[in-house]
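# Summary of the model geometry
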Amino acid sequence: MKNEIKIYLAAPRGFCAGVDRAIEIVKKALDKYGSPVYVRHEIVHNKNVVESLKKLGAIFVEEISEISDLSRPVIFSAHGVPKKVPEEAKLKKIFYVDATCPLVSKVHRETEQLYKRGFDIVLIGHKNHPEVIGTMGQLPEGSIKLIETVDEVNDLKFSKPLAYVTQTTLSVDDTKEIIDALKLKFPEIKDPIKEDICYATTNRQAAVKKIAPNCEMFFVIGSRNSSNSARLVEVAKKSGCEKSELIFYGKKAPLEKIKNCKTIGLSSGASAPEELVQNFITEIKKDMNVSIEEVVTANEKVVFKLPKELN
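Read on for an overview of the structure. Think of each chain on its own: its residues are numbered from 1, step by step along the sequence as written. Note on the predicted model: pLDDT of at least 70 is required for a residue's local features to be given, and 80 or more for side-chain atom pairs to be given and counted; whole-chain, interface and lining totals, by contrast, use all residues. The basis for every side-chain value is the complete set of heavy atoms in the structure, and neither hydrogens nor water enter the calculation.

### Quick look at the sheet that holds strand E11 (residues 263–268)
Rules: Each pair of strands is called paired provided DSSP finds at least two bridges between the two strands. Under the scheme used here, helices are H or I runs from DSSP no shorter than 4 residues and strands are E runs no shorter than 2 residues, and both carry numbers assigned from the N terminus. Here the axes come from fitting lines to C-alpha atoms, over the contacting stretch only for helices, and the angles between their N-to-C directions go from 0 to 180 degrees.
With respect to topology, five strands assemble into an open sheet ordered E10-E9-E11-E1-E12, the strand pairing being parallel. Bordering the open sheet on either side are strand E10 (244–247) and strand E12 (288–296), each of which pairs with just one other strand. Averaged over all neighbouring strand pairs, the angle between strand axes comes to 25°, with direction disregarded. Pairing of strand E1 (residues 3–11) with E11, which is carried by four bridges, proceeds in the parallel orientation. Residue pairing across strands places Tyr-8 opposite Gly-265, the latter belonging to E11.

### Let's talk about the sheet that holds strand E6 (residues 120–124)
Put simply, the rule is: Whether two residues are in contact is decided by their heavy atoms: any pair within 4.5 Å suffices.
Spatially, the three strands line up as an open sheet ordered E7-E6-E8, and their pairing is parallel. If you trace the sheet from one side to the other, it starts and ends with strand E7 (144–147) and strand E8 (162–166), each paired once. Averaged over all neighbouring strand pairs, the angle between strand axes comes to 30°, with direction disregarded. Judged from the four bridges that link them, E6 and E7 form a sheet pairing that is parallel. The residue bridging Leu-123 from the neighbouring strand is Leu-146, located in E7. Contacts from helix H4 (residues 102–116) reach E6, E7 and E8, with the element oriented near 170° to E8. On top of the sheet, helix H6 (residues 172–185) reaches E6, E7 and E8; it is set at about 155° to E6, its chief contact.

### Considering the packing of aromatic side chains
What counts is decided by this rule: When two rings of Phe, Tyr or Trp (its six-membered ring) have centres within 6.5 Å they constitute a pair, described as stacked for plane angles under 30 degrees, edge-to-face for angles over 60, and tilted for the intermediate range. Burial classification: accessible surface area is computed with a 1.4 Å probe over protein chains only, and a residue below 20% of its type maximum counts as buried, one above 50% as exposed, and the rest as partly exposed. A positively charged side chain is recorded as over a ring if its NZ (Lys) or CZ (Arg) lies within 6 Å of the ring centre. The angle to the ring normal must also be within 35 degrees.
The full count for this structure, using the stated rule, is four aromatic pairs. Centre to centre, the rings of Phe-158 and Phe-186 are 5.8 Å apart; their planes meet at 65°, and the pair counts as edge-to-face. Of this pair, Phe-158 sits in the loop between E7 and E8 while Phe-186 sits in the loop between H6 and helix H7 (199–211), placing them 28 residues apart in sequence. Where Phe-219 meets Phe-280, the ring centres are 5.3 Å apart and the plane angle is 50°; that geometry is what we call tilted. Pair noted here: Phe-219 is in strand E9 (residues 217–221) and Phe-280 is in helix H10 (residues 274–287), with a separation of 61 residues, a long-range link. The exposure class of Phe-219 is buried, given its relative accessible area of 0%. Over the face of the ring belonging to Phe-248 we find Arg-224, whose NZ or CZ atom lies 4.0 Å from the ring centre.

### Things to note about the state of the cysteines
Rule in force here: To count as a disulfide, a pair of cysteine sulfur atoms needs to be within 2.5 Å.
Summed over the entire model, instances satisfying the criterion amount to zero disulfides. Residue Cys-16 stays outside any disulfide, its sulfur separated by 5.9 Å from that of Cys-198, the closest cysteine. Cys-241 supplies the cysteine sulfur nearest to Cys-261, a cysteine that is in no disulfide, at a spacing of 8.2 Å.

### Here we look at the packing of helix H1 (residues 17–33) against helix H2 (residues 47–56)
Put simply, the test is: Roughly parallel means an angle under 35 degrees; roughly antiparallel, over 145; roughly perpendicular, 65 to 115; everything else is oblique. Here the term charged refers only to Asp, Glu, Lys and Arg, the term nonpolar to Ala, Val, Leu, Ile, Met, Phe, Trp, Tyr, Cys and Pro, and the term polar to all other amino acids, Gly among them.
Where H1 meets H2, the closest approach of the two axes is 11 Å, and the angle between their N-to-C directions is 5°. Between H1 and H2, the crossing angle belongs to the class labelled roughly parallel. The segment H1 lies against H2, with Ile-23, Val-26, Lys-27 and Leu-30 engaging Val-49, Leu-53 and Leu-56. Per-class residue counts for the contact of H1 with H2 are six nonpolar, no polar and one charged.

### Some remarks on the nonpolar core
Worth spelling out the cut-off: Residues belong to a common nonpolar core when they are buried Ala, Val, Leu, Ile, Met, Phe, Trp, Tyr or Cys residues joined through side-chain atoms within 4.5 Å.
Val-26, Ile-43, Val-44, Leu-53 and Ile-75 are the most contacted members of the largest nonpolar core, which has 26 residues in total. Of all the elements in the fold, those that place two or more residues in this core are H1, strand E2 (37–40), H2 and strand E3 (58–61). Beyond its immediate sequence surroundings of up to four residues, Val-26 is in contact with Val-39, Ile-43, Leu-53, Ala-58 and Ile-75. With 19 residues, the next largest nonpolar core counts Leu-9, Ile-264, Leu-266 and Val-277 among its residues.

### Quick notes on the packing of H7 against helix H8 (residues 227–238)
The description of two packed helices rests on the angle between their axes and on the distance between the axes. Worth spelling out the cut-off: Definitions for this section: a left-handed crossing has its near helix turned counterclockwise from the far helix by less than a right angle. A right-handed crossing has that turn clockwise.
It is at 9 Å that the axes of H7 and H8 come closest, and there the two elements cross at 30°. As judged from the angle between their axes, H7 and H8 are roughly parallel. In the packing of H7 onto H8, the handedness of the crossing is right-handed. Residues Thr-201, Arg-204, Gln-205, Val-208 and Lys-209 of H7 form the contact with H8, whose participating residues are Asn-228, Arg-231, Leu-232, Val-235 and Ala-236. Its residues placed into classes, the contact of H7 with H8 shows four nonpolar, three polar and three charged.

### Details of empty space enclosed by the protein
Which entries qualify depends on this criterion: Points on a 1 Å grid, built from protein atoms alone, make a cavity when a 1.4 Å probe fits but cannot get out and make a pocket when they are open with protein on both sides within 12 Å along at least 5 of 7 lines; residues with an atom within 4 Å of a point are the lining residues. Grid points are joined across faces, edges and corners, and a volume is the space filled by probe spheres set on the points.
What the rule picks out here adds up to one cavity of 30 Å³ or more. Taken as a whole, the largest cavity encloses approximately 270 Å³ of empty space. Lining the largest cavity are 21 residues; nearest its centre among them are Cys-16, Val-19, His-79, Thr-169 and Asn-228. Classifying every residue of the lining of the largest cavity by side-chain character gives nine nonpolar, eleven polar and one charged.

### Examining the environment of Lys-2
Stated formally: Polar contacts, as used here, are pairs of N or O atoms within 3.5 Å; protein pairs need one atom able to donate a hydrogen and one able to accept it. Residues neighboring in sequence count only if both atoms are side-chain atoms.
When you line up the elements, Lys-2 lands in the segment before E1. Under the relative-accessibility criterion, Lys-2 is labelled partly exposed at 37%. Other than its neighbours up to four places away in sequence, Lys-2 contacts Lys-285, Lys-286, Asp-287, Met-288 and Asn-289. Side-chain polar atoms of Lys-2 contact the backbone oxygen of Lys-285, separated by 3.4 Å. A polar contact of 3.4 Å, which involves the side chain of Lys-2, links it to the backbone oxygen of Lys-286.

Okay, structure coming up:
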């Protein structure tokens, strides 16, 4: 006889508006200009998405210098790029479409405005993440100071007025700790006009927080290089489900462990297709009697327009 298991399914989960838009940009560009279309960096951090776009005729490169046919369009990923990237494309007369998430572009514009107004700028984010490289690359080198932890706040020294911005995919709670430490040390520090952590990151973390305390294990479907997916695993652990793990491309569901559970939680990062969540559930159903409770903490209705070049 099969064991019974209850799956608490987080909602919202999976694709956000910025990811939807970025994938749509690649597909529309292939329809309009034919293949190949080049994409600088993974369009979103998910191997399944990248592989499916490769089959349609997208070629992924890390730098513009790798593009062999300069007559073909290039698309910049949803994470955003440093200023020098579109400048290089213009120099080489390559036609490009920018798929940067509009919420990341907002942070870019914010940093430029602050710089023009004479502020020193602190960026809270993860070193070497493409979004952070893109944001820091909006201004001359050394104009933005990156910090990753509360401890780093102690070493900061500034003479000019100070402002902070954040990466859009951080842990809401961890970021709040860093912001509180900054405000304690620099009471005059300027907040962003509107919070930089994006609505999708906040909503997905809130759903996980609600479910995790009721679960023996928690699974997040997403890629290892996906910041928002990694944060969801951390949030699940901090919210009371120590046995939380990331299920990434090529990793099998740990069915033997799952069979010993009565309740598990399930969510997916903002760049993970829903089909992967359903495949995971189907795998479990082969061995167990599954009941599913979808826990909805927010309804997302955000849609971003496509760039005018593709309309």
